[in-house]
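Residue-level structural notes
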Amino acid sequence: MPFVDLFSSDDYASIFYRTSSPYGNVSGFDADKPTILILHPMFLDTAWLDCQFGDPRLYMHYNLIAFDMRSVGGSTCRPSGRHDSWVDAADIALCHQKLHLPPCHVFALEGLAVFCALRFALLFPEMCLSLALCNVPAPTEPKWTGSSITEFMHAWCYAEDLERLEHAATESIRFFFGPNLDVDLKDELVAHLQKTRPPVKRPWTAETISVLVNRTPLDAEAYAEITQPVLILHGERSELCARKYSETLAAQLTNAKDGAVIYTVRGAGAFLSIIPGSASIVNQTLTKFLSRVPRSRSDIVPPETSILDRMTQALDRQAKLIGKKNPSTSLDPLSSLSFSCVSKQIADAQSDMIAEYTVDRLNAFNPLGPDGRPLRKMSLNRDDHWFEISKGGISVADTTKFLPNESSNTKKELEKTTRAGDAPQQLIKPSSLTSAAMEKYIIKGPMAKVIREPSLGPPGMGRMLT
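As the structure is a prediction and not an experimental result, all values here were calculated from the model.

The rules behind the values
- The residue numbering used here restarts from 1 in each chain and proceeds along that chain's sequence as written.
- Owing to the predicted nature of the model, reporting of local features is limited to residues with pLDDT of at least 70; listing and counting of side-chain atom pairs is limited to 80 or more, with chain, interface and lining totals taken over all residues.
- Based on all heavy atoms of the structure, the side-chain values leave hydrogens and waters out of the count.
- Only DSSP runs of H or I covering at least 4 residues are called helices, and only runs of E covering at least 2 are called strands; the numbering of each starts at the N terminus.
- Categorising residues by exposure relies on relative accessible area from a 1.4 Å probe, with only protein chains included: less than 20% of the type maximum marks a residue as buried, more than 50% marks it as exposed, and the intermediate range marks it as partly exposed.
- By the convention used here, residues are in contact when the closest approach between their heavy atoms is within 4.5 Å.
- Residues belong to a common nonpolar core when they are buried Ala, Val, Leu, Ile, Met, Phe, Trp, Tyr or Cys residues joined through side-chain atoms within 4.5 Å.
- Think of it this way: Lys and Arg go in the positive column, Asp and Glu in the negative one, and His and the chain ends go nowhere.
- Any carboxyl oxygen of Asp or Glu within 4 Å of a side-chain nitrogen of Lys or Arg constitutes a salt bridge here.
- Here a polar contact is recorded for every N or O atom pair within 3.5 Å, except that within protein the pair must consist of a potential hydrogen donor and a potential acceptor, and residues adjacent in sequence are included only if both atoms are side-chain atoms.
- The convention used is that axes are lines fitted to C-alpha atoms, helices contributing only their stretch in contact, and that angles between N-to-C directions extend from 0 to 180 degrees.
- Reported orientations rely on four angle classes, namely roughly parallel under 35 degrees, roughly antiparallel over 145, roughly perpendicular from 65 to 115, and oblique for the rest.
- Take the far helix as the reference: if the near one is turned anticlockwise from it by less than a right angle, the crossing is left-handed, and if turned clockwise, right-handed.
- Residue type decides the class: Asp, Glu, Lys and Arg count as charged, Ala, Val, Leu, Ile, Met, Phe, Trp, Tyr, Cys and Pro as nonpolar, and the leftover types, Gly among them, as polar.
- Expected span of a helix: the number of residues minus one, times 1.5 Å.

1. Some words on the overall build of the chain
For the chain, the helix and strand inventory stands at 17 helices and 11 strands. A total of 466 residues make up the chain; the buried ones form 45% of that total. A fraction of 76% describes how many contacts in the chain between residues 6 or more apart in sequence connect residues 24 or more apart.

2. Brief notes about the nonpolar core
Formed by 56 residues in total, the largest nonpolar core has its most connected members in L39, I65, F67, L118, F120, L131 and L133. Other than its neighbours up to four places away in sequence, L133 contacts A108, V114, A117, L118, V230, L231, I232, L233 and L249. Core analysis: the next-biggest nonpolar cluster, separate from the first, contains 35 residues, M153, I173, L189 and F271 among them.

3. Details of the side chain of R119
Here R119 shows up in helix α4 (residues 112–123). This buried residue, R119, is left without a salt bridge; D84 holds the nearest opposite charge, at 6.2 Å. A polar atom in the side chain of R119 sits 3.1 Å from the backbone oxygen of F115. Other than its neighbours up to four places away in sequence, R119 contacts S85, W86, A89, T216 and L218.

4. A short note on the packing of helix α5 (residues 143–157) against helix α6 (residues 162–177)
In the contact formed by α5 and α6, the axes pass within 8 Å of each other and the chain directions differ by 155°. The angle between α5 and α6 falls in the class roughly antiparallel. Along this stretch, α5 crosses α6, giving a crossing that reads as left-handed. Contacts between α5 and α6 involve W144, T145, S148, I149, F152, A155 and W156 from the first element and L165, A168, A169, E171, S172, F175 and F176 from the second. Tallied by class, the residues present in the contact of α5 with α6 amount to 10 nonpolar, 3 polar and 1 charged.

5. Some details on α6
Its 16 residues give α6 an end-to-end C-alpha distance of 22 Å, which sits within 8% of 22 Å, the value for a rise of 1.5 Å per residue. Within α6, burial applies to L162, L165, E166, A168, A169, T170, S172, I173, F175, F176 and F177. Buried-residue contacts for α6 involve α5 and α7 (183–196).

Okay, here's the thing in C-alpha cells:
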C-alpha cells in the first residue's frame with residue numbers, strides 16, 4: 001500500500017494515497033494527461049471514490065490521485081489538539097513535493113475537503129491549477145449542528161453493544177443524508193465505519209470532529225488572493241450546505257479567473273460524490289469545466305525549490321495573510337503542525353478531549369468478528385423490536401410484533417383438537433338454531449329418571465348408581 005511518511009521534531013503522520021495508474025503509484029502517470037487531486041468526502045476516505053476512479057470520463061483523460069486525511073482511512077498520525085484545515089493543506093503540500101507531483105486540478109468533495117483546498121490554493125498557488133468545490137458549508141459551524149455532531153460522536157465512541165452502535169449510526173446518517181437514503185448504501189456506510197472507525201479508534205474520531213466543529217473562517221483579503229479558476233457545485237436539496245454559502249464564497253473570490261462559477265445539481269443532496277446518480281452529473285460538469293482550462297502536462301520531476309525552503313516561504317505567506325504572530329524562524333517548516341492557526345484555548349480543549357477519549361480505549365466495544373468483518377448488516381435482524389421510528393421521525397409502536405395473532409391461534413387450537421384423518425367440526429351459529437333444535441340438548445325431568453335412562457350410558461349404569 002502506498003504511503004508518504006511525514007516526520008519532524010514534534011509530529012508524525014503516514015499519509016495513504018490512491019492513484020488511477022495501473023500499479024497504484026505515481027510513476028505510472030501518463031505525462032500527456034493533466035492530473036486531478038481529489039480530496040475525499042467528510043468522515044469518509046479514498047475507499048469511497050469509486051464513482052470518480054471508475055468513471056471513464058475522468059480516468060481515461062486525467063491522472064487521478066487522492067490522499068486520506070491524516071486522521072481517517074488508511075492514514076495514521078499522532079493525535080494532536082492543534083490539528084486544523086491549515087495542517088491538512090500542509091500535509092497535501094508535503095506529499096505533493098515528496099512524490100514530485102505536477103501542478104494539479106484540485107477536486108474537493110464537501111466539508112473539510114473544501115476548507116483544505118482553499119488553504120492549499122492560498123499557500124501553494126503554483127501547485128494548484130484550478131479548484132472544484134462541492135457543497136460549500138458555512139464558514140463556521142452553527143451551534144445546533146455542532147452540538148448534534150458532538151452527541152453522535154460520543155454515542156458512537158462509547159457504545160457498549162451492537163444495538164447502541166447501530167442506533168448512533170442510524171441517527172448520524174439520517175442527520176447528514178436525510179431519511180430516504182438507500183438501504184444498501186446505508187449498510188455499506190455503517191459497515192465501513194465499523195471497520196475503519198470502531199470505538200477503539202475514538203481519539204482519532206474526536207480529532208476529526210474537532211477540526212470540523214472548531215473551524216474558523218478566512219478573511220476577505222485572503223479569499224482575494226485566490227486567482228485560479230473556480231467551480232462550485234451545489235446540491236439542490238442539501239440542508240446543511242445551503243446555497244447562500246456557495247453564493248457568499250463566489251462573491252468573495254473576486255480575483256478568481258473569469259469569476260467563480262456555481263452549478264446546481266438538481267435533486268441532489270449531501271455527499272454528491274458517493275451517490276451514483278449525482279456523482280455522474282458532478283463528473284460531467286467537472287470535465288466540461290476542465291476542458292476550458294489550458295491543458296497541462298504531468299511530468300514527474302523534482303521540484304526546483306527544496307522542500308525546506310518552499311515550506312518556509314509558505315509559513316511567511318501565511319503570516320502575512322492572516323496576521324500570524326509566530327515568525328517562521330521559531331517554527332519547524334517541515335512540521336505540518338507549524339501551520340496550525342488554532343488558538344491556545346481551543347488547542348488545550350481539543351487536547352483534553354483527545355486525552356479523555358484515549359482513556360481505556362483498548363477495552364472499548366469491538367463491532368467486528370474474528371474475521372475482521374462486521375457481525376451483521378444493520379438492515380437485518382432489526383424487525384424484532386416493537387418500537388420503531390417512522391420516516392417523519394414520529395415514534396411508532398407496532399403491536400403486531402409482540403401480541404398473538406388471533407386468527408393463527410384459532411387455527412392452531414383447531415389443529416390440536418382434531419385427530420389425524422378427521423375433518424374439523426363446523427361450529428353452529430346460535431342464530432341458526434330453532435327452539436326445537438335447542439330442546440334436543442336440554443335434559444328435562446327428575447334426576448332419578450335421568451340416571452335410569454338406558455340411552456344415557458352403558459347397560460346397568462343406572463342400577464349401579466342407584
